[in-house]
Amino acid sequence: MLGTHVVTSAQNADQSADQTTDWNPLLRAEFAKPYWADLQSFIAAERREHSVYPPHEEVFAALRLTSYADTKVMILGQDPYHGAGQAHGLAFSVRRGVRVPPSLRNMYQELRDDLGIPVPEHGNLDRWARQGVLLLNTTLTVRASEAASHQKHGWEEFTDQMIRTVADKAKPVVFVLWGNAARRKAELIDRSRHTIIESPHPSPFSARTGYFGSKPFSRINAALVESGHEPIDWPVDGPRDDPSDDVVGAPHHGAD
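Residues numbered from 1 in each chain as written. Predicted model: local features only at pLDDT ≥ 70, side-chain atom pairs only at ≥ 80, totals over all residues. Heavy atoms only, no water.

A short note on the side chain of K185
Here is step 1 of the chain: If you trace the backbone, K185 turns up in the loop between α7 (180-183) and β6 (195-199).
Here is step 2 of the chain: Classification of K185 by relative accessible area gives buried; the value is 15%.
Here is step 3 of the chain: At 2.7 Å, the side chain of K185 and the side chain of D160 are in polar contact.
Here is step 4 of the chain: The residues touching K185, leaving out its near neighbours within four places in the chain, are L76, T138, D160 and I163. (Helix = DSSP H or I, 4+ residues; strand = E, 2+ residues; numbered from the N terminus. Buried < 20%, exposed > 50% of the residue type's maximum accessible area, 1.4 Å probe, protein only. Polar contact = N/O pair within 3.5 Å; in protein donor to acceptor, adjacent residues only side chain to side chain. Contact = heavy atoms within 4.5 Å.)

Structure, rendered in structure tokens:
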């Protein structure tokens, strides 16, 4: 299990509780570093005093759905959604039955304009993840209703190492960096071997400053094909979609 050998109040630690993945041997050294124990103690204390998202068992959902071996695209987010019922461990994604957040609505609009794919009625991106799109936030937990509340407590050190680990892959990967925070991570990636797609963030605050019209989805697929990968089949509903992974009919919640 991811991080289960860290003896830091293990019953409270945020770790992948149900499945070993091929990320484990690649990230194991992180679990022995002092920052990891401090991070787990911090999150355990936060969960005792506050609501924290995503739920403990979904913190590493991205690593379970997208193995290291299958990762060919990384889309980098920042914070999990901080509204009740929204975050489920994949950057930008929400479960079926949860209102599609504004940034994801803008992503869907750009997907429609780029590739002609109709705007979906739900926000679950599991199907992308199962095709090798690692939907990674740089901070993996957040206190309810308090954006950025778990930043600078250790998650960034862990996810920076994840970025380096993916960048060490022999076969080219497409890194998608939206917004200034994500674009700063470009220094961790060898541009001579990998493709980096950058633009403003799809947030309503910045989407019209260069995100709309940037055609990221067709550019991702062009880079994948050029490097010998299969392209991503971008519709979020399809034969790879497993409805059992969703809470169908969950109540609607406000979006961040």
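Topic: the confidence of the model for the chain
Segments scoring low in pLDDT should not have their predicted coordinates read at a detailed level.
Here is step 1 of the chain: With 85% of its residues at a pLDDT of 70 or more, the chain shows a mean pLDDT of 89.
Here is step 2 of the chain: In this model, residues 3-18 is a region of pLDDT below 50 whose contacts with residues beyond four sequence positions or in other chains number 36 contacts.
Here is step 3 of the chain: This stretch, residues 240-256, has a pLDDT under 50; its non-local contacts, to residues over four places away or in other chains, come to 41 contacts. (pLDDT = per-residue confidence, 0-100.)

Let's talk about the pattern of salt bridges
Here is step 1 of the chain: Evaluation of the coordinates by the stated rule reveals 11 salt bridges.
Here is step 2 of the chain: Salt-bridge contacts for E46 lead to R143; the nearest nitrogen and oxygen are separated by 2.8 Å. A residue pair is termed long-range when its members are at least 10 positions apart, and E46 in helix α2 (residues 34-49) and R143 in strand β4 (residues 142-143) qualify at 97 residues.
Here is step 3 of the chain: By relative accessible area, E46 is classed as buried at 7%.
Here is step 4 of the chain: Here R95 and E58 are joined by a salt bridge, their closest N and O atoms 2.4 Å apart. In this pair, R95 sits in the loop between β2 (73-77) and α4 (102-115) while E58 sits in the loop between β1 (52-53) and α3 (61-65), placing the two residues 37 residues apart along the sequence.
Here is step 5 of the chain: Classification of R95 as buried rests on a relative accessible area of 17%.
Here is step 6 of the chain: For E58, a relative accessible area of 13% translates into the label buried.
Here is step 7 of the chain: Through salt bridges with shared partners, a single ionic network connects E46, R143 and E146. (Salt bridge = Lys/Arg side-chain N within 4 Å of Asp/Glu carboxyl O.)

Describing the nonpolar core
Here is step 1 of the chain: If you look at the biggest cluster of nonpolar residues, it comprises 68 residues, and the most contacted ones within it are V73, W128, W155, F158, F175 and W234.
Here is step 2 of the chain: No other element matches helix α6 (residues 155-167), which puts 6 residues into this core. (Core = buried A, V, L, I, M, F, W, Y, C linked by side-chain atoms within 4.5 Å.)

Points about α4
Here is step 1 of the chain: Compared with the 20 Å implied by 1.5 Å per residue over 14 residues, the 20 Å span of α4 between its first and last C-alpha is a close match.
Here is step 2 of the chain: Within the sequence span of α4, burial applies to P102, S103, L104, N106, M107, Y108, E110, L111 and D114.
Here is step 3 of the chain: Just downstream of α4 lies G116, where phi reads positive at about 75°. (Expected span 1.5 Å × (residues − 1).)

Details of the environment of R208
Here is step 1 of the chain: The topology assignment puts R208 in the loop between β6 and α8 (216-226).
Here is step 2 of the chain: Residue classification places R208 among the exposed positions, given a relative accessible area of 71%.
Here is step 3 of the chain: Linking R208 and N106, residues 102 residues apart in sequence, is a C-alpha distance of 9.8 Å.

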